[in-house]
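Observations on the model geometry
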Amino acid sequence: MNLKALVKGTVVFAATMLVATAVSAQTFRVAIGDAAGGTQHELGKAFAANLEELTNGAAKADLFPNSQLGDETDTVNDAAMGLLDFSILAINNVTPFSPSVGILTLPYVIQSPEDAKKLTLGEVGQELTENTIRDAGVRIIGWSYSGFRVLTNSKRPVQTLDDLKGMVIRVPRNEIMIATYNAWGINPTPLAWTETFTALQQKVVDGQDNPYITVSAMKFDEVQKYITNIRYIFSLEPLIVSEAIFQQQSPEMQEAILEAGRRATEHSYAFLAESEDRIKQELMDAGMEIYEPANEEKEWIEAATTKVWPQFYDSVGGKERLDAILASLGR
Ligand code: MLT
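**A look at the site of the ligand**
Around the ligand lies a shell of 13 residues, among which Asp34, Gln40, Glu72, Arg149 and Arg170 are the nearest. Separating an oxygen atom of the ligand from a side-chain N or O atom of Glu237 is a distance of 3.2 Å. Relative to its free-state accessible area of 270 Å², the ligand is covered by the protein chains to the extent of 100%. Across the shell around the ligand, the residue classes tally to three nonpolar, five polar and five charged. Here the shell around the ligand spans two domains, since at least three of its residues come from each of domain 1 (3-98 + 111-145 + 236-274) and domain 2 (150-233 + 284-328).

So, in structure tokens, the structure goes:
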């Protein structure tokens, strides 16, 4: 074959491959619980961009923010059954399916973004990933770091546990969070995430807790006035993939998915550091008032740790396990 014919043949082959890739590009659906603009969406965007780049366009990820594909808890079931590819949701909404994940929502265990990164990317995160595959049929392949959940309400400034009395506070359907508010002296109202904005707007509930960036993305500032800067749970929001769908992929596609998840996780950590203060300021500019909890150590922290932790030792792997994790965090 002469050179001209060879070049022509190569061009035709490359063009055919491009068309084939374009035609057969695999498109995954990614459910996202929060509205666009939050940390979940940021993780999703970074994941989609990296997946497309790593597979040279052979795989794409379509993002569906604002719970378009169902409430966060429902997306875990759907992914487990292979009806949904990916979901990004708060870890507290995974806990009901895989209780050991609760170690990440026990109040005041994680005290900084560094603690959060150390646990999620270290041996603890690896173990929890294996547990969620076993218990829930989903695999954690990335994390968004969303900041501490702060308490918001529409009634009055809250600084002490006395101020909290009589308030109707929405929580996810998460036993640990319910127990924490019980320890603080009130009975919270468990409510699905998709129902939360309306419940706040119609004053069915007075308040809720979520990170600053989530409060902003969900436009809670339109229906909430007061923020209490409690730091009881550092919000972690994993990117999960249906284990059944993951196992159907080629080894190359699996590696691309995992690598895109790792890169998106790094991006999320940087996004939090660069945006949280700005968004907090925007919430204040929009009229929200921020209060520090009074007597935090003696009131908020002591009640939550002494009354709540012992109730969940068994589900998180035992007291020794918790002690070992605390020691690994230098406490
Ligand atoms: C919840 O409160 O249910 C979740 O934290 C919501 C979220 O995913 O941001």
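**A closer look at empty space enclosed by the protein**
One pass over the structure, following the stated rule, counts three cavities of 30 Å³ or more. Lining the largest cavity are 13 residues, and of these Glu72, Ala90, Asn93, Trp193 and Asn210 sit closest to its centre. For the lining of the largest cavity, a count of residues per class yields three nonpolar, five polar and five charged. Taken domain by domain, the makeup of the lining of the largest cavity includes at least three residues from each of domain 1 (3-98 + 111-145 + 236-274) and domain 2 (150-233 + 284-328). Here the second largest cavity defines a volume of roughly 50 Å³.

**What about the packing of helix 7 (residues 175-183) against helix 12 (residues 297-312)?**
Packing of helix 7 against helix 12 brings their axes to within 9 Å, and their N-to-C directions diverge by 140°. Between helix 7 and helix 12, the crossing angle belongs to the class labelled oblique. As for how helix 7 packs across helix 12, the hand of that crossing is right-handed. Residue-level contacts link Glu175, Ile176, Ala179, Thr180 and Ala183 of helix 7 to Ala303, Ala304, Lys307, Val308, Gln311 and Phe312 of helix 12. A class-by-class count of the residues in the contact of helix 7 with helix 12 yields seven nonpolar, two polar and two charged.

The rules behind the values
Residues numbered from 1 in each chain as written. Predicted model: local features only at pLDDT ≥ 70, side-chain atom pairs only at ≥ 80, totals over all residues. Heavy atoms only, no water. Near = heavy atom within 4 Å. Polar contact = N/O pair within 3.5 Å; in protein donor to acceptor, adjacent residues only side chain to side chain. Areas by Shrake-Rupley, 256 points an atom, 1.4 Å probe, with all protein chains shown as cover. Nonpolar A, V, L, I, M, F, W, Y, C, P; charged D, E, K, R; others polar. Domains from an automatic or database assignment. 1 Å grid on protein atoms, 1.4 Å probe; cavity = no way out; pocket = protein on both sides within 12 Å on 5 of 7 lines; lining within 4 Å. Points joined across faces, edges and corners; volume = space filled by probe spheres on them. Axes fitted to C-alpha atoms, helices over the stretch in contact; angles between N-to-C directions. Helix = DSSP H or I, 4+ residues; strand = E, 2+ residues; numbered from the N terminus. Parallel < 35°, antiparallel > 145°, perpendicular 65-115°, else oblique. Left-handed = near helix turned anticlockwise from the far one by under 90°. Contact = heavy atoms within 4.5 Å.

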